[in-house]
Amino acid sequence: MSTDRAIPLGLVIDDDATMRLMIRRGLERDGFRVEEAADGDTGFVAFTTHSPDVVLLDAIMPGADGFECCRQIRGHPGGERCPLLMITGLDDDRSVDRAFEAGASDYVTKPIHWAVLRQRVRRLLGAARAERQVHHQARHDALTGLPNRLFIDERFRQMLAEARRYGHRLALVFMDLDRFKLVNDTLGHATGDRLLQDFATRLVATARETDSVARLGGDEFLILANRIACREDAAPIAQRVLQILCQPPVIDGHVLNVTPSVGIAVYPEDGETLEELIQRADMAMYGAKNQGGNRFEFYRPEIGLRVSRRWTLEQGLRRAIKRDELVLHYQPIVALSGKGLLGIEALVRWQAPEEGLVSPGEFIPLAEETGLIVSLGERVLEMACAQMVRWRDLGLPPFPVSVNLARGQLTPDLPAFLAGLIDRHGLPGARLTLELTESALMEPTAGVCQMLNDIKAFGASLAIDDFGTGYSSLSYLAYLPVNTLKIDLSFVQRSVVDTKAATLTAAIVALGHKLGYTVVGEGVETEKQAAFLRAQGCDAAQGYYFCRPLAAAGFEAWIESSGVLLDPGPERPAGARRMRRPRPPTYVTTG
Ligand code: C2E
Ligand code: MG
Ligand code: MG
């Protein structure tokens with residue numbers, strides 16, 4: 001339709017040239033442009049060519065009359081909602097009925113009363129505009145302006161008819177943004193919304209004119225592509241989608257390194273209905289995500305099987321949190337210079353009814369993606385505190401317990417939750433250390449820094465986990481209130497076989513000490529690795545060489561047999577930077 005044109009277009013269909021001329025003049029006076037046709041057949045052709053905003057048509061004409069022409073226009077795509085004003089000299093009830101039956105919006109009778117005609121045209125245009133707006137709103141997404149599912153339903157029906165007629169394929173390219181939830185959780189929904197708008201604009205720019213781009217909701221988008229000759233023709237579409245975020249969007253001052261995952265299903269082999277195609281493209285997308293995201297996958301039946309396992313896992317995990325199927329194992333963090341423990345790390349496991357003990361590597365990423373991480377993390381913190389209280393009652397030394405936090409847990413509610421937790425269990429804040437990976441601390445916002453300071457304010461410590469594996473610059477170390485660096489096990493283990501890794505590990509220990517941190521080596525499996533760390537002046541270590549992670553009872557037995565105590569903590573070398581906040585006292589003299 002010509003709705004966007006500033007000047008409305010009227011199409012006048014009448015076999016009487018004088019009448020056409022009069023109507024033309026009347027419309028032009030009212031600011032219209034005008035096209036004319038002298039009979040129903042050419043009138044219909046003129047309609048399809050010019051897409052007018054309003055049609056005025058005579059009822060009685062040679063050949064296809066006004067009623068017939070009206071019906072044809074109504075049956076034509078785009079003609080359903082065009083205002084059609086029937087002009088008739090026949091003032092009888094039957095003609096009026098016929099005009100409406102044929103789809104006319106209204107009628108005027110000859111001789112034409114110009115003021116009436118003008119009012120009717122104006123009213124019809126106003127009504128058509130309002131109807132178009134409602135129609136548009138119902139079929140478009142308010143946030144991005146992209147078509148929505150309803151629009152795609154209609155478009156799919158048209159494309160399907162064409163594909164069947166010409167033997168083409170259709171491709172449904174389905175996508176979402178990897179770790180989009182993290183953006184929402186950490187930077188807020190307003191930033192998330194702007195990211196979606198930015199992505200939508202890029203997506204439209206990359207699509208062919210004949211493709212339809214839509215947003216289904218959340219961060220789910222699709223491209224419906226027609227005239228696909230063979231399956232492989234869909235791959236370049238997906239490849240273009242992967243490229244559109246190569247230049248990362250900068251939103252509200254944040255460089256957002258987000259990537260899409262894309263799944264493709266093709267009509268007719270993967271499905272014959274839109275429903276089926278979306279479902280399978282969605283499965284293929286999950287297949288892509290399972291391989292790390294930022295890639296595309298075609299639907300294959302095996303993917304269906306894998307995805308359904310993932311789905312089962314997600315449902316199971318939801319249950320696990322509710323039904324207390326999570327358990328904590330504990331691993332000591334052993335002082336390398338002294339004799340005791342610096343603390344204990346709590347590591348979650350899922351005691352699944354059918355599968356047995358599931359390791360966090362399998363379900364933490366899923367919990368992060370699905371947002372379950374917040375309730376899971378709260379459960380873990382509750383369990384760790386409850387265990388500390390039990391150990392206190394048993395008379396064990398007050399070892400600080402380290403709990404791992406995922407980025408998705410850094411919500412504005414976290415400090416208040418932690419303060420309440422500590423308070424409820426009657427524990428000093430200093431008993432709690434929170435471990436965050438480097439990648440979780442990537443580009444910390446002012447809000448995250450404030451939150452970490454709030455957490456530290458009640459005595460808890462912060463450790464950077466898996467140090468060396470993240471992608472971030474070191475600059476964040478200067479302003480984050482961190483106490484401990486934990487060197488990733490890959491550095492520790494390679495240090496004894498690879499001189500470059502050894503140099504790096506030594507440099508990390510020195511750097512950590514210069515900044516006033518306690519440095520812990522992770523994943524120590526051999527005496528040689530422990531000796532290497534000790535030689536570098538590393539403060540503490542953790543690994544199978546000392547003790548595997550053990551369930552609470554096993555850990556108690558280990559403590560009893562080894563007789564270890566709480567280590568006073570490392571002494572800072574001369575010249576090391578003082579901590580901004582003094583370390584809370586952890587030294588306890590027992591026995
Ligand atoms: P992490 O925090 O770096 O924990 C250390 C991991 O190394 C643990 O794996 C531990 O069992 C393992 N490990 C300890 N000593 C050795 C060793 O000598 N050799 C080797 N090869 N591995 C060793 P686990 O328990 O499977 O946990 C894996 C990761 O899952 C953890 O890495 C942590 O990032 C995450 N995780 C564990 N529990 C939680 C939790 O409650 N919340 C969150 N958000 N993440 C958790
Ligand atoms: Mg850890
Ligand atoms: Mg680690």
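Right, let's walk through the structure included here.

### Let's talk about the sheet that holds strand β11 (residues 260-267)
Here 5 strands make up an open sheet; going across it, the order is β7-β8-β6-β11-β12 and the pairing mixed. The sheet terminates laterally at β7 (212-217) and β12 (296-298), the two strands that pair on one side only. Strand after strand, the sheet turns through a mean of 20° between neighbouring axes, direction not considered. Bridge count for strand β6 (residues 169-177) against β11 is 8 bridges, and the pairing is antiparallel. Counted as the bridge partner of methionine 175 is valine 262 from β11. Of the strands in this sheet, β6, β7, β8 (220-228) and β11 touch helix α6 (residues 149-166), which is tilted by about 15° from β8.

### Observations concerning the site of ligand 1
Near ligand 1 you find 24 residues, and of these Arg349, Asn404, Asp465, Glu525 and Tyr544 are the closest. Glutamate 345 has a polar side-chain atom sitting 2.9 Å from an oxygen atom of ligand 1. For ligand 1, the accessible surface in isolation is 790 Å², of which the surrounding protein chains cover 81%. Elements supplying a minimum of two residues to the shell around ligand 1: β14 (341-352), α12 (360-370), β16 (401-405), β18 (461-467) and α17 (489-495). No other element matches the 4 residues that β14 contributes to the shell around ligand 1. Of the residues belonging to the shell around ligand 1, the class tally is 11 nonpolar, 6 polar and 7 charged.

### Describing the coordination of the magnesium ion (ligand 3)
For a metal with four tetrahedral donors the ideal donor-metal-donor angle is 109.5 degrees, whereas six octahedral donors ideally subtend 90 or 180 degrees. Around the magnesium ion (ligand 3), the protein contributes the donor atoms Asp465 (OD), Asp466 (OD), Glu522 (OE) and Glu522 (OE), at 1.9 to 2.5 Å from the metal centre. Sequence positions of the residues that donate to the magnesium ion (ligand 3) give the spacing D-D-x55-E. The distance between the magnesium ion (ligand 3) and the magnesium ion (ligand 2) is 4.2 Å, with aspartate 465 acting as a donor to both metals. One end of the pair, aspartate 466, is in strand β18; the other, glutamate 522, is in the loop between β20 (518-521) and α19 (527-535), with 56 residues separating them in the sequence. Residue class for glutamate 522 comes out buried when judged on its relative accessible area of 11%.

Cut-offs used in this document
- Residues numbered from 1 in each chain as written.
- Chains lettered and ligands numbered in written order.
- Predicted model: local features only at pLDDT ≥ 70, side-chain atom pairs only at ≥ 80, totals over all residues.
- Heavy atoms only, no water.
- Pairing = 2+ DSSP bridges.
- Helix = DSSP H or I, 4+ residues; strand = E, 2+ residues; numbered from the N terminus.
- Axes fitted to C-alpha atoms, helices over the stretch in contact; angles between N-to-C directions.
- Contact = heavy atoms within 4.5 Å.
- Near = heavy atom within 4 Å.
- Polar contact = N/O pair within 3.5 Å; in protein donor to acceptor, adjacent residues only side chain to side chain.
- Areas by Shrake-Rupley, 256 points an atom, 1.4 Å probe, with all protein chains shown as cover.
- Nonpolar A, V, L, I, M, F, W, Y, C, P; charged D, E, K, R; others polar.
- Donors = N, O, S within 2.8 Å, 3.2 Å for Na, K, Ca; no water.
- Buried < 20%, exposed > 50% of the residue type's maximum accessible area, 1.4 Å probe, protein only.

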